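# Remarks on the overall topology
Take a look at the letters that make up each chain.
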Amino acid sequence: MLTFGNKTAMNRILIFSLLMASVILQFSCHKPQVKINGTAQGTYYFISYFDAENRNLQPQIDSILEAYNSSVSIYDSLSVISRFNHNEKGVIQDSIFLDNLMISLEVSKATGGYFDPTVGPLVNAWGFGFKNSGRADTLQFDSLMRYIGYNLMEIRDGKAVKKIPQVELSFNAIAQGYSVDIIATYLEEQGISSYIVDIGGEVKTAGVKPGGEKWTVGIEKPAGDKLEGRSVQYILEVEDMAVATSGNYRKYYIKDGVKYSHTIDPLDGKPVSHNLLSATVITDDCARADAYATAFMVMGTKKALDFVKQHPGKNLEVLLIYSGDEGEFNTAMSEGFGKYMAE
């Protein structure tokens, strides 16, 4: 047994030992930050996470995104959704396809049809899809509207079923959000609890950075012209939440002096004409954030705010940017959105 005649010396040794233990603990708990980026779904992706093993998971993530496209990309003629739209026999409906449909129908029913996964033919007819370019005429509208409506689809015995064969599905309004969710799920399966996944501006975060700092997400300032450069209007601080933004200030065309937005109202088949420029939604998962942001863009400012207030159980918060009478930008938000705004 060692004894110390000098208490000060003993205290110094104890303090030194505690400091060394603290250093060792911090070193052992240090998780390197991994950052990867690439392209998917015609846009960028950026993913950052803290991983004690310092793994580069990009090859696996790219494979997941490729599998996702092969299920629900309408730009791939061999995808599950393309073959389903063409009424091919024997199409195997995988879980990705069915999950996208389930969430789409859920949001469609909740919003009374302001969100609708069958609206794709109208988007094409108005010149915003990949099939056609131009403006639909009245006769074409009358024909197409017979095949538009989420109530024309159902999931029966674990399979998607059309009530009439002319119905076509498109998950473009939730595709990026859902792909964010499946990448986030993959990271969590690898034991990663602190990350940010950003695909084309749709984002999901988990945990905080090692120092306790929350992840930050920028909200783009609406552009006066689709060629105008991008700038950030607001910064959000989020933890264990998803963020998605829908806007119509970049995707539009002008014909015969009339401006046509790419946001199509499934209820009347026409581009929306109100002054709402963008809707940013915060909720638990990115697919629903994406879907509700689209629905709110169709609803307009007042209806969107009323919807969030009347459905507290859905855990939705929304920030709406709209143009005023003089062309200025105005902002409205749900009651709980402000807590996510960075100071």
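Now for a look at the structure at hand. (Residues numbered from 1 in each chain as written. Predicted model: local features only at pLDDT ≥ 70, side-chain atom pairs only at ≥ 80, totals over all residues. Heavy atoms only, no water.)

## Some thoughts on the packing of helix α4 (residues 95-111) against helix α8 (residues 286-299)
Look at α4 against α8: their axes get within 10 Å of each other, and the N-to-C directions meet at 35°. Seen along the crossing, α4 lies across α8 with a hand that is right-handed. Contacts between α4 and α8 involve Met102, Ile103, Glu106, Val107, Ala110 and Thr111 from the first element and Ala287, Arg288, Ala291, Tyr292, Ala295 and Met299 from the second. Residue classes in the contact of α4 with α8 are distributed as nine nonpolar, one polar and two charged. (Axes fitted to C-alpha atoms, helices over the stretch in contact; angles between N-to-C directions. Helix = DSSP H or I, 4+ residues; strand = E, 2+ residues; numbered from the N terminus. Left-handed = near helix turned anticlockwise from the far one by under 90°. Contact = heavy atoms within 4.5 Å. Nonpolar A, V, L, I, M, F, W, Y, C, P; charged D, E, K, R; others polar.)

## Brief notes about the packing of aromatic side chains
Scanning all chains against the criterion turns up seven aromatic pairs. A centroid spacing of 5.8 Å and a plane angle of 15° characterise the contact between Tyr68 and Tyr178, whose relative ring orientation is stacked. Remark: Tyr178 occurs in helix α7 (residues 172-189) and Tyr68 occurs in helix α2 (residues 58-72); sequence separation between them is 110 residues. We classify Tyr68 as buried; its relative accessible area is 1%. Ring geometry for Tyr292 versus Phe296: centroids 5.9 Å apart, planes at 35°, classification tilted. Placement of the pair is Tyr292 and Phe296 together in helix α8, with a separation of four residues, close to one helical turn. Across the pair, Phe296 and Tyr292 agree in class, each one buried. Joined through ring pairs, the aromatic side chains of Phe84, Phe97 and Phe171 make up one cluster. Across the ring face of Phe84, the terminal group of Lys162 is positioned such that the distance to the ring centre comes to 5.0 Å. (Phe/Tyr/Trp six-rings, centres within 6.5 Å; stacked < 30°, edge-to-face > 60°. Buried < 20%, exposed > 50% of the residue type's maximum accessible area, 1.4 Å probe, protein only. Lys NZ or Arg CZ within 6 Å of the ring centre and 35° of its normal.)

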